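# What the coordinates show
What follows is the residue order along each chain.
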Amino acid sequence: MNRILRATSKNNEVRAFVAETKDLVNTAVKIHRTTPVASAALGRLLTAGAIMGIGLKGTKDLITISIKGDGPLGGVLVTTDSNGYVKGYVNNPEVDIPLKENGKLDVSSAIGKGTLTVIRDFGLKEPYIGQVELVSGEIADDLTYYYASSEQVPSVIALGVLVDIDLTIKESGGFMIQLLPGATEETIQTIEKNIYEIPSVTTMFTEGLKAEDILGRILNGLEPKVHEIIQPEYKCNCNRKKVEKAIIGIGKKDIQEMIDDGKTIETNCHFCDKTYNFTIDELKVILEKADK
Ligand code: ZN
């Protein structure tokens, strides 16, 4: 089961989120048939996205996190909403590169150098867009840097995905700790000490720790209080109407070319791989709706 704990320290100087996301990442891996390194990249960003979505208030609010790099993976994109629904994809799910010397999946080499963009869409005229250069390509560090530089929120983010021999997800999850205004030096030092002392997220899960246990470790000495437990899910909300809108968006000229080709058009949703077919007659109707 997927779960995210939303908690604060008793002194209200820190908030924390701890996520177990094995099932939702497994769903994504099944849909996209990703290689282990692509699964790790996608799983880490899906976990981060699920955590970041919790802060959203409006039912139509959306956060999209997009990583674009010059490595063989190309990029990773994740969209999340306030219901705890996440979806995403990688540009090249077949990417296969050697493990790092320490035997870990080499996500940073798969991604390469590039940018991390966070788009916060609150249904207003213009979305809020923040962008930073990638600092490591390992995703958690890059998001930590994003929060510090683009949102001025000191954070600690850790994400981990462990892929099994049969390519399914063995463990997946992560946490985010954020300092709230007025956090004292003492609190900061306590967190630094806690973070220094804990092993990686996947190691903790492998040892049998649950989200509550991890929360206890990262906020050790700060008396964490859980306010809410959210159940995020991998879910796509695509439908025929949205695909039709996307076709209208490509313009009259290209739609006319499709019609001239004389073949039924098949399009797949990037997020869930669902197939939508449009016959020539249907394309002709769509052409009428396109205004340029
Ligand atoms: Zn879809």
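Residues numbered from 1 in each chain as written. Predicted model: local features only at pLDDT ≥ 70, side-chain atom pairs only at ≥ 80, totals over all residues. Heavy atoms only, no water.

Turning our attention to the overall build of the chain. A count of helices and strands for the chain gives ten helices and 13 strands. With respect to the principal axes defined by its C-alpha atoms, the chain has extents near 70 × 45 × 35 Å. Within the chain, the fraction of its 292 residues that count as buried is 48%. Taking all contacts inside the chain whose residues are at least 6 apart in sequence as the whole, residues at least 24 apart take part in 63%. (Helix = DSSP H or I, 4+ residues; strand = E, 2+ residues; numbered from the N terminus. Buried < 20%, exposed > 50% of the residue type's maximum accessible area, 1.4 Å probe, protein only. Contact = heavy atoms within 4.5 Å.)

Membership of the largest hydrophobic core comes to 69 residues, with the highest contact counts inside it found for Leu-73, Ile-139, Leu-143 and Leu-283. Looking at this core element by element, the count peaks at eleven residues for helix α2 (residues 36-53). When residues of this core are assigned to domains, at least three map to each of domain 1 (3-234) and domain 2 (240-291). For Leu-283, the residues in contact, after removing those within four places along its chain, are Ile-247, Ile-255, Met-258, Ile-259, Ile-265 and Phe-278. (Core = buried A, V, L, I, M, F, W, Y, C linked by side-chain atoms within 4.5 Å. Domains from an automatic or database assignment.)

Here the focus is the sheet that holds strand β7 (residues 128-133). Overall, mixed pairing links the six strands, which are arranged β7-β6-β3-β4-β5-β11 in an open sheet. Edge positions in the sheet fall to β7 and β11 (233-234), since each of these pairs with one other strand and no more. On the sheet, α2 packs against β3 (62-69), β4 (75-81), β5 (85-90), β6 (114-121) and β11 and is oriented at approximately 25 degrees with respect to β4. Sitting on the sheet, helix α4 (residues 140-150) is in contact with β3, β6 and β7, with an inclination near 120 degrees to β7. (Pairing = 2+ DSSP bridges. Axes fitted to C-alpha atoms, helices over the stretch in contact; angles between N-to-C directions.)

We now examine the pairing of β3. Pairing analysis gives seven bridges linking β3 to β4, with the strands arranged antiparallel. Each bridged residue has a counterpart across the sheet, and for Ile-63 the counterpart in β4 is Thr-80. Between β3 and β4, which pair antiparallel one after the other, the connecting turn spans five residues, and Gly-74 there sits at a positive phi close to 80 degrees. Where β3 lies against β6, eight bridges are found, and the strand directions are antiparallel. If you follow Gly-69 over to β6, its bridge partner there is Gly-114.

Turning to the pattern of salt bridges, a few remarks are in order. Evaluated as defined, the whole model comprises twelve salt bridges. Note that Glu-223 is salt-bridged to Lys-10, the shortest N-O span being 3.8 Å. You can see Glu-223 sitting in the loop between α7 (211-218) and β10 (225-230) and its partner Lys-10 sitting in the loop between β1 (3-8) and β2 (14-20), a full 213 residues away along the chain. The same class applies to Glu-223 and to Lys-10, which are both exposed. Each of the salt bridges in this network shares a partner with another, and the network as a whole consists of Arg-3, Glu-20 and Glu-212. (Salt bridge = Lys/Arg side-chain N within 4 Å of Asp/Glu carboxyl O.)

Split by domain assignment, the chain resolves into domain 1 (3-234) and domain 2 (240-291). Just the C-alpha atoms count here: the centres of domain 1 and domain 2 sit 35 Å apart. With nine residues of domain 1 at the contact, the number on the domain 2 side is four residues. Buried area between domain 1 and domain 2, summed over both chains or domains, comes out near 510 Å², and the portion from carbon and sulfur atoms is 65%. Of all residues in domain 1, Ile-31, Lys-87 and Tyr-89 bury the most surface against domain 2, accounting for 67% of the area lost on that side. The shortest N-O distance in the salt bridge between Asp-273 and Arg-33 comes to 3.8 Å. Where domain 1 touches domain 2, the interface holds two residue pairs in polar contact (both at pLDDT 80 or more). The set of elements that each furnish at least two residues to the side of domain 1 that touches domain 2 consists of α1 (22-32), β4 and β5. (Buried area = accessible area lost by both parts, 1.4 Å probe. Polar contact = N/O pair within 3.5 Å; in protein donor to acceptor, adjacent residues only side chain to side chain.)

With that settled, consider the packing of aromatic side chains. How two aromatic rings sit relative to each other is given by the distance of their centres and the angle of their planes. Taken as a whole and assessed by the stated rule, the structure comprises two aromatic pairs. For the ring pair Tyr-146 and Tyr-147, a centre distance of 5.5 Å and an interplane angle of 70 degrees mean the geometry is edge-to-face. Each member of the pair Tyr-146 and Tyr-147 is classed as buried. The ring of Phe-271 carries Lys-87 above its face, with NZ or CZ at 4.5 Å from the centroid. Above the ring of Phe-278, the side-chain terminus of Arg-240 is found at 4.1 Å from the ring centroid. (Phe/Tyr/Trp six-rings, centres within 6.5 Å; stacked < 30°, edge-to-face > 60°. Lys NZ or Arg CZ within 6 Å of the ring centre and 35° of its normal.)

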